[in-house]
Amino acid sequence: MSQAKIYVIHENEAWVEPLRAAFAEQQLPYEEWHLDQGVLDFSSAPPQGVFYNRMSASSHTRDHRYAAEYTSCVLPWLELHGRRVVNGSRALRLEINKIAQYAELQRFGVRVPRTLAAVGRDHVVEAARQFKGSFITKHNRAGKGLGVRLFHSLDALENYVKSPVFEDSVDGVTLLQEYIKATEPFITRVEFVGGQFLYAVRVDTSLGFELCPADVCEVGDAMCPVGENPSSAAPRFEVIPSFSSPIIERYRKVLAANDVEVAGVEFITDESGELYTYDINTNTNYNSAAEARAGTYGMRAVAAFLGRSLESLGRIDAAAD
Ligand SMILES: Nc1ncnc2c1ncn2[C@@H]1O[C@H](COP(=O)(O)OP(=O)(O)O)[C@@H](O)[C@H]1O
Ligand SMILES: [Mg+2]
């Protein structure tokens, strides 16, 4: 039998680059499963190891239309065989369905913005009638700000929906959500690794809605084209030293109840100081410049956590012998 290792399930080379570096640094054995296309022999047994699922809700935008669906076949197969899966099928379910995220958040008393889910263009317009003030649209299956647009009137939404510019969510579900106006233009993203709080990062939103923290996105390439302005003086991402809030414990419970061990959860604070949580990223990325300034490193923590998981696998095997 070949030696147990860490298997990374993903579909985006660029996003695993920092993880590869952390594995190399920590001398951990790993293999990548690029699950864009392939064959799953369901009747076979998976190899021994720790499987880390990094499938992304935005995989279809990289021409990997069925990567998430393929992964949704592979994860139950791994789980059937009792393999150690980090961010398994329940995490993937949340990753690709924002309403499912909101249901889990609300179950644990975490406030989410008022949201309607609409299928069909006419229904998108109809749903928007519910809002008196400004509202935003977004894709139910999204990531990197897909379909996020701010509207101040029903007319503007109607024009957009009827125009060729309207872009439907890949799952056909458009969310309409009350616009949470922050006092200062930033959101907070709370990172968890191994189910534990790692750090919180403040993200400047004054330049746009696409807030992918990965460095490949920050250079403004085709994957994250919006809102990059090198002349901006303040860094877009800033780790908040000693962030402390009761929301951490609530998020920890939501994640634990859903077998999510690695994730970044985002909230906005409105003008009255109320927190609204609106996004759980089970496939999270870290901003290296912000991390370097703070001296804390997400991918190193992920690699170390996976390394510990692999080690305890060895101990379980030894105990069973
Ligand atoms: N209800 C809202 N009110 C104000 N801004 C929002 C709201 N929802 C999203 N945004 C802005 O849009 C960004 C992307 O939205 P998000 O729901 O995180 O989608 P994605 O999953 O694509 O990242 C957020 O980080 C935030 O800046
Ligand atoms: Mg987000």
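Refer to the structure above for everything that follows.
Attention in this report is confined to the structure presented alongside it.

### Notes on the overall build of the protein
- When you go through the protein residue by residue, the secondary structure sums to 10 helices and 13 strands.
- Taken against the 2.2 N^0.38 rule, which gives 20 Å for 321 residues, the C-alpha radius of gyration of the protein at 20 Å falls within 12% of a compact globule.
- Seen along its three principal axes, the alpha-carbon backbone of the protein occupies a region of about 70 × 45 × 40 Å.
- A burial count over the protein gives 50% of its 321 residues as buried.
- In the protein, 72% of the contacts between residues at least 6 apart in sequence involve partners at least 24 apart.
- By element, 52% of the accessible surface of the protein is carried by carbon and sulfur atoms, the whole surface being about 14700 Å².
- Averaged over its 32 positive side-chain charges, the protein has a centre that lies 4 Å from the centre of its 42 negative ones.

### Comments concerning the coordination of the magnesium ion (ligand 2)
- The magnesium ion (ligand 2) binds to the protein through E266 (OE) and D279 (OD), with metal-donor distances spanning 2.0 to 2.5 Å. One end of the pair, E266, is in strand 12 (residues 263–269); the other, D279, is in strand 13 (residues 275–281), with 13 residues separating them in the sequence.
- Overall, E266 belongs to the buried group, its relative accessible area being 5%.

### Considering the sheet that holds strand 9 (residues 186–193)
- What the 5 strands build is an open sheet, ordered 11-10-9-12-13; its pairing is antiparallel. Edge positions in the sheet fall to strand 11 (237–240) and strand 13, since each of these pairs with one other strand and no more. For this sheet, the mean angle separating the axes of adjacent strands, direction not counted, is 30°.
- Bridge analysis of strand 12 against strand 13 gives 6 bridges, and the strand direction is antiparallel.

### Quick word on the pattern of salt bridges
- This structure, assessed with the given rule, holds 21 salt bridges.
- A salt bridge links R300 to E25, with the nearest nitrogen and oxygen atoms 3.2 Å apart. Of this pair, R300 sits in helix 10 (residues 298–320) while E25 sits in helix 1 (residues 13–25), and the two are 275 residues apart along the sequence.
- Judged by relative accessible area, R300 falls into the partly exposed class, the value being 37%.
- When salt bridges that share partners are traced, they join E13, E17, R20 and E32 into one network.

### Thoughts on the nonpolar core
- Ranked by internal contacts, the top residues of the largest apolar core, which has 56 residues, are L19, F23, Y52, L105, Y251, V302 and L306.
- The greatest single-element share of this core, amounting to 8 residues, is contributed by helix 10.
- Leaving out residues up to four positions away in the same chain, L306 has contacts with I6, F23, V50, Y52 and V86.
- In this structure, F51, M55, V74 and L75 belong to the second largest nonpolar core, which totals 15 residues.

Conventions used here
Residues numbered from 1 in each chain as written. Chains lettered and ligands numbered in written order. Predicted model: local features only at pLDDT ≥ 70, side-chain atom pairs only at ≥ 80, totals over all residues. Heavy atoms only, no water. Helix = DSSP H or I, 4+ residues; strand = E, 2+ residues; numbered from the N terminus. Rg over C-alpha atoms; globule rule 2.2 N^0.38 Å. Buried < 20%, exposed > 50% of the residue type's maximum accessible area, 1.4 Å probe, protein only. Contact = heavy atoms within 4.5 Å. Areas by Shrake-Rupley, 256 points an atom, 1.4 Å probe, with all protein chains shown as cover. Lys, Arg positive; Asp, Glu negative; His and termini not counted. Charge placed at Lys NZ, Arg CZ, Asp CG, Glu CD. Donors = N, O, S within 2.8 Å, 3.2 Å for Na, K, Ca; no water. Pairing = 2+ DSSP bridges. Axes fitted to C-alpha atoms, helices over the stretch in contact; angles between N-to-C directions. Salt bridge = Lys/Arg side-chain N within 4 Å of Asp/Glu carboxyl O. Core = buried A, V, L, I, M, F, W, Y, C linked by side-chain atoms within 4.5 Å.

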